[in-house]
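# Understanding the architecture of this molecule
Here is what each chain is made of, one letter per residue.
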Amino acid sequence: MKIKSACHFILPAFLLLNTAALAQNMDTAGTGGQASLTTVTPAAKIDNGQTQIAALPLSTYPPASAAMPTKSALLQSSKKNRKPSKVADNNKTKKLAPKVLSKQNEDPLLISARIISSAKPESNDPQDKWVALTFDDGPSPVYTPQILAILRENGIHATFCVVGRQIKKYPELVKQIVAEGHKVANHSMNHDEFLYKKAKKKIKQEVLCENALLAEIIPQTPIEYYRTPAGNWNLSLRKMVAAWGMKPLGWSIDSKDWQRPGVEKIVSNVENHLHNGAVILMHDGGGDRSESVEALKKIICKLKTESYKFAFPK
Ligand SMILES: [Zn+2]
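## Observations regarding helix α9 (residues 200–217)
- Over its 18 residues, α9 runs 26 Å from end to end, which matches the ideal 26 Å to within 8%, given 1.5 Å per residue.
- The complete set of buried residues in α9 reads Ile-203, Glu-206, Val-207, Leu-208, Cys-209, Glu-210, Asn-211, Ala-212, Leu-213, Leu-214 and Ile-217.

Pasting the structure below:
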């Protein structure tokens with residue numbers, strides 16, 4: 001497969017495909033933020049936290065505590081870094097006058113640019129409880145097949161946030177992920193955790209070239225989500241992603257498997273924050289994920305015991 005040249009030829013077709021999908025993808029907000037690698041700085045985390053708050057509709061604030069910054073961090077960061085003009089992307093959103101809020105709500109791009117971090121119920125039964133499992137930084141030839149096997153045995157579908165450089169090496173795994181009923185999300189070509197700070201040209205390259213690659217490998221599959229590396233969002237990046245027809249994807253529970261804290265700790269990180277509608281962050285790539293594989297078995301067992309059902313992010 002001639003993957004290297006894909007970006008130049010497939011990009012226009014992808015944009016057409018996903019722009020059409022955009023109109024159907026108005027969504028509710030949620031939290032964002034990811035920390036797949038260990039180099040995330042406190043500054044980046046604070047930026048992420050502010051974005052989470054801005055993305056929430058007031059009626060759902062606050063979201064699950066796992067993804068939320070502390071109150072003092074928010075206060076500190078808003079004092080330090082924020083100009084009045086940036087109010088839409090930090091926690092001051094809560095204080096906006098109704099007129100301003102109403103204007104924001106009318107902007108379809110802003111609505112589409114909200115970070116989503118809740119599972120989409122697949123039934124109308126209010127008794128049902130739903131979670132969405134997500135796996136980042138793959139595909140990995142070692143761990144992705146193991147995770148696929150566990151999901152298959154349990155009849156569960158999940159979302160895999162794949163990295164472009166891995167896709168180039170393992171296109172067959174991407175095909176297998178889709179063939180087994182899972183969703184694939186864009187996680188950028190090279191996992192630059194500070195992509196949001198880069199020039200638009202660079203961001204475009206990192207995001208849309210991955211979609212072009214995916215369009216070669218899985219041409220019938222629209223790419224619905226973009227999860228930015230380390231969850232480091234700003235408003236500009238979210239709007240770009242929305243304009244390209246994808247939903248900014250966050251999470252509400254970080255298993256912190258990327259820290260490799262031991263299987264039991266990963267399991268308890270999830271259990272302690274479990275809630276209906278959770279989007280759970282785990283990893284199938286980016287390093288040794290043997291703990292993630294073992295923890296996943298226990299997490300699924302716990303979720304099933306508590307009658308959770310499995311869905312995709314909405
Ligand atoms: Zn990642």
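Picking up after the structure, the text goes on.
## Notes on unusual backbone geometry
- Cis geometry is found at the peptide bond from Gly-138 to Pro-139, where omega equals 0°.
- Positive phi, close to 80°, is recorded for Asp-137, a residue that is not glycine.
- Looking at the element boundaries, Asp-137 is found in strand β1 (residues 129–138).
- Judged by relative accessible area, which is 4%, Asp-137 ranks as buried.
- Although it is not a glycine, Ala-230 adopts a positive phi angle of roughly 60°.
- Within the secondary structure, Ala-230 is located in the loop between β4 (225–226) and α10 (235–243).
- Here Ala-230 falls in the buried class, since its relative accessible area comes to 0%.

## Description of the packing of aromatic side chains
- For the structure on display, the rule yields three aromatic pairs.
- A ring pair is formed by Phe-194 and Tyr-196, whose centres lie 6.5 Å apart and whose planes are at 40°; its orientation type is tilted.
- Relative accessible area serves as the criterion here: at 23%, Phe-194 is assigned to the partly exposed category.
- We classify Tyr-196 as buried; its relative accessible area is 11%.
- One residue, Lys-129, lies across the ring of Tyr-308, its end atom 4.4 Å from the ring centre.

## Things to note about the nonpolar core
- Among the nonpolar cores identified, the biggest contains 49 residues, and Leu-133, Phe-135, Leu-151, Phe-160, Ile-280, Leu-296 and Leu-303 are the most heavily contacted of them.
- It is helix α12 (residues 290–305) that contributes the most residues to this core, six residues altogether.
- Aside from chain neighbours lying at most four places away, what touches Leu-133 is Leu-151, Ile-156, Ala-158, Thr-159, Ile-280, Leu-296, Ile-300, Leu-303, Phe-310 and Ala-311.
- Among the nonpolar cores identified, the runner-up in size contains seven residues, and Ala-119, Ala-132, Leu-281 and Ala-311 belong to it.

## So, the pairing of β1
- Counting buried residues along β1, nine of its 10 residues qualify, which places the element largely inside the surrounding structure.
- Two strands pair when backbone bridges link them, and β1 and strand β8 (residues 308–310) are joined in this way by three bridges, in the parallel orientation. Among the inter-strand pairings, Trp-130 is bridged to a residue of β8, identified as Lys-309.
- Of the strand pairs in this sheet, β1 and strand β2 (residues 159–162) are connected by four bridges, and their pairing is parallel. Note on β2: the bridge partner recorded for Asp-136 is Cys-161.
- This β-α-β element, β1 to helix α6 (residues 143–154) to β2, shows right-handed connectivity.

Conventions we followed
Each chain has its residues counted from 1, running along the sequence as written. Given that the model is predicted, a residue must reach a pLDDT of at least 70 before its local features are reported, and side-chain atom pairs must reach 80 or more before they are shown or counted; all residues, however, enter totals for whole chains, interfaces and linings. The side-chain values count all of the structure's non-hydrogen atoms but skip hydrogen atoms and water molecules. The helix count covers DSSP runs of H or I at least four residues long, the strand count covers runs of E at least two residues long, and both are numbered beginning at the N terminus. One less than the residue count of a helix, multiplied by 1.5 Å, gives the span that helix is expected to have. Each residue is assigned to one of three classes by its accessible area relative to the maximum for its type, calculated with a 1.4 Å probe on protein chains only: buried under 20%, partly exposed between the two thresholds, exposed over 50%. Each Phe, Tyr or Trp ring, with Trp reduced to its six-membered ring, pairs with another whose centre is within 6.5 Å; inter-plane angles below 30 degrees give stacked pairs, above 60 give edge-to-face pairs, and intermediate values give tilted ones. The rule for a charge over a ring is simple: NZ of Lys or CZ of Arg within 6 Å of the ring centre, and within 35 degrees of the ring normal. We define a nonpolar core as any set of buried Ala, Val, Leu, Ile, Met, Phe, Trp, Tyr and Cys residues linked to one another through side-chain atoms lying within 4.5 Å. The contact criterion used is simple: two residues touch if any of their non-hydrogen atoms lie within 4.5 Å. Two strands make a pair as long as DSSP finds a minimum of two bridges between them. Think of it like this: strands point away, you trace from the first strand over the helix to the second, and a clockwise trace means the crossover is right-handed.

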